[in-house]
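What follows is each chain in one-letter form.
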Amino acid sequence: MVEWSAMKCEKCHEREASVHLTQVLDGEACSIHLCMECARAAGLDPSGPMEMNQLLAGTAHLYQELQKEIPQELREAAEAMLRSMGRPDGGEEESAEGEAEGPRCPHCGTTLAKSRKSRRMGCPLCYAAFAGQVREYLDPVTEGKAFGGWAPRRLPEGLRRDMERMRLEEELRAALGREEYERAAGLRDRIAALQADGGD
Amino acid sequence: MSGSREPLVFLPAQSWERALPNDPDDPVVFSSRATVRRDLAGHAYPGSATAADREEVRLLLHKVLREIGGRSLRRRWKNGEWREIARVEGLSTPEMERWWDEAETFLFGRHLTALVNTEDHLLFRSTWRGLHLREAVQAVREADAEASERLDYAFSPEFGHLTASPDRMGTGFCAEVCLFLPAIKFARAVEPEAWDRVLRGLTACNLAVDSGERDMPYLRIWNRQTAGKSEERLEEEVEAAAKELAEKEMAAREAIPKHDALALLWEDRWARAKATATVAVVMDAQEEMELLSWLRWGTLIGRGLVPVELLDLILMRDQPGIWRFGDSRSQARAKRLEMLMETFSEQNLGELERLFRRKPPRKKCAKRAAAAEDGKAPEGDAP
């Protein structure tokens, strides 16, 4: 398993990320994590003083570059961050110190940097606040498989449905991989039914 | 560790260390242990929580664990001396030491313990002598299932159990086996490059000095990975590695006497260990574990005089984890040897006396003893 404290640059996917740009918009933390080289290449020099317009220009350039290759989720996060940074009132801008600490759990206040350093979360909701980083950490281990361990017997209906849906989605992927289209269609219908039950 | 010369009163077998005494049916595997860590939704983890939060969690878990058959040891908590025992017995953790008043331990029969407010809110642990990982896993599974009917665990369909440390999220499960592998070390029966294959991605730790060195007589192996596999799968991997190592160990033990050079070397090491045990004044942890290993091995093959249970008792009392609390290194060394000798004398076994305590010279040997004091000791009298 990769170490929780190690995080790859979202641009080059090779070096460790040391520049973390974070903005909170509508209560959600949006982040971009880069290595120093990629940050500099994008016109961001975290080591020196930086004007806001320079930062914006650099981030915008970076965003355009990343847009070609980054997943939808990250694009939306970057978009939200740029929108917020462009606000006349400054929005909920964080200090440079705050940016270096990465996202912050809205429930207990634990920052990603603190969590990595201590190798501890502050509360269970930290996992939601740092979901992107947790996925990045888990993906090489789980290889996209749904959780297959001992689930609690007492579980809210919504969570139980989500578990079942994720299990069916995994089965669906496997069925498609084996070109079992009839079975895949059945699984797809069951997933749709579950989503309808949950009001998705 | 207290400075008292009184022997510690040990609780019924519950802890990892207490399970060390030799299983007569298993000369290689000391013990097997399964652990699951759980946390409660809506509560900060103990390390980030306030004392009031931890107390709230403790009260909630106290009620539930009593309902499912746990016996609380909280009343004993008030006794400072008992805390020392709890440390030795593995019934507390360093985290619990920090917030002792809001922590609690429960016993469930002989093999299962629940610890409240450690690093996580709840920890179930089952320990068995010998290789009984399946039984250990079953015990924690049943307790966990019962508790989960009454509690709202911090759980995500995507990530699994949300433990305080992301390194343990997913199953929050750990399967461990502690092995005695002196022949593998002595005969180098597992080549350095072969260890990775044997261990199948598991983690190994030298029990003696808590290091990652794998080619050691006392070895603990466990799964570091807690996500992406089921608990049963993780257990199978640990068990498979333990079985393979046990087979290699037994093969090496049988092969050594048939190999002249190795057999001679073995005799030499065994004699040195006996002599060192007799005259040593200061011993560090590594040296002591080597010594215990030699004495233990000798007894297992019918050569030694020291009961294996006694050697394991010393090992149990003297693990590095115990010495981490409070003592400086020099104090620890002095106490270690004191305790070693004290333990042997406590047992008052004649054979041990012969081995570990030199008798005063008899009259007819007085001349010989005087010569020994002058530095003319007969060969073999001292290392």
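Below, the structure is looked at part by part. Every value quoted in this text rests on a predicted model; they were computed, and no experiment measured them. (Residues numbered from 1 in each chain as written. Chains lettered and ligands numbered in written order. Predicted model: local features only at pLDDT ≥ 70, side-chain atom pairs only at ≥ 80, totals over all residues. Heavy atoms only, no water.)

### Brief notes about the interface of chain A and chain B
Alright, step 1. Listed by partner, the interface residues are 29 residues for chain A and 44 residues for chain B.
Alright, step 2. Across the chain A to chain B interface the summed buried area is about 3,200 Å²; carbon plus sulfur atoms make up 63%.
Alright, step 3. For chain A, the biggest contributors to the area lost against chain B are A:Y127, A:W150 and A:R154; these three give 29% of the whole.
Alright, step 4. Viewed at the interface, chain B and chain A are joined by 5 salt bridges.
Alright, step 5. Where A:R135 meets B:E158, a salt bridge forms, and the shortest distance between an N and an O atom there is 2.6 Å.
Alright, step 6. On inspection of chain A and its partner chain B, the count reaches 16 residue pairs in polar contact (both at pLDDT 80 or more). (Contact = heavy atoms within 4.5 Å. Buried area = accessible area lost by both parts, 1.4 Å probe. Salt bridge = Lys/Arg side-chain N within 4 Å of Asp/Glu carboxyl O. Polar contact = N/O pair within 3.5 Å; in protein donor to acceptor, adjacent residues only side chain to side chain.)

### Some points on the pairing of strand β5 (residues 122-129) of chain B
Residues and elements named next belong to chain B.
Alright, step 1. Summarising burial for β5: 6 of the 8 residues are buried, a large majority.
Alright, step 2. Pairing of strand β1 (residues 29-38) with β5, which is carried by 8 bridges, proceeds in the antiparallel orientation. Along β5, the bridge assignment pairs S32 with W128.
Alright, step 3. For strand β4 (residues 112-116) and β5, the ladder comprises 5 bridges, and the chain directions are antiparallel. Looking at the pairing, V116 lines up with L122 of β5.
Alright, step 4. What sits between the antiparallel neighbours β4 and β5 is a turn of 5 residues, in which N117 has the positive phi angle 60°. (Buried < 20%, exposed > 50% of the residue type's maximum accessible area, 1.4 Å probe, protein only. Helix = DSSP H or I, 4+ residues; strand = E, 2+ residues; numbered from the N terminus. Pairing = 2+ DSSP bridges.)

### Section: the sheet that holds β4(B)
All names here are of chain B.
Alright, step 1. Taken in spatial order, the 8 strands of this open sheet run β2-β3-β4-β5-β1-β8-β10-β9, and their pairing is antiparallel. Among the strands making up the open sheet, the edge pair consists of β2 (71-72) and β9 (203-206).
Alright, step 2. The strands touched by helix α5 (residues 133-150) within the sheet are β1, β4, β5 and β8 (173-180), with β5 carrying the most contacts at an inclination of about 155°.
Alright, step 3. Strands β8 and β10 (218-222) of the sheet are contacted by helix α8 (residues 231-255), whose axis makes an angle of about 5° with β8. (Axes fitted to C-alpha atoms, helices over the stretch in contact; angles between N-to-C directions.)

### Some words on unusual backbone geometry
Alright, step 1. With a phi angle near 60°, A:R119 is a residue other than glycine that sits in the positive phi range.
Alright, step 2. By secondary structure assignment, the location of A:R119 is in the loop between α5 (112-118) and α6 (126-129).
Alright, step 3. With phi around 50°, B:R188 is a residue other than glycine that occupies positive phi space.
Alright, step 4. Checked against the element boundaries, B:R188 lands in the loop between α6 (182-187) and α7 (195-199).

### Digging into the pairing of β4(B)
Residues and elements named next belong to chain B.
Alright, step 1. With 5 of 5 residues buried, β4 lies mostly within the body of the structure.
Alright, step 2. Because side chains alternate across β4, one face comprises the buried residues L112, A114 and V116, and the other comprises T113 and L115, equally buried.
Alright, step 3. Hairpin connection of strand β3 (residues 104-108) to β4: 3 residues between the antiparallel strands, including G109 at a positive phi of 65°.

### Here we look at the pattern of salt bridges
Residue and element names in this part refer to chain B.
Alright, step 1. One pass over the full model with this rule turns up 36 salt bridges over all chains.
Alright, step 2. E67 is paired through a salt bridge with K63; the nearest N and O atoms lie 3.1 Å apart. Residue E67 and its partner K63 are located together in helix α1 (residues 51-67), separated by 4 residues, close to a single helical turn.
Alright, step 3. Judged by relative accessible area, E67 falls into the partly exposed class, the value being 44%.
Alright, step 4. K63 gets classed as exposed once you look at its relative accessible area, which sits at 52%.

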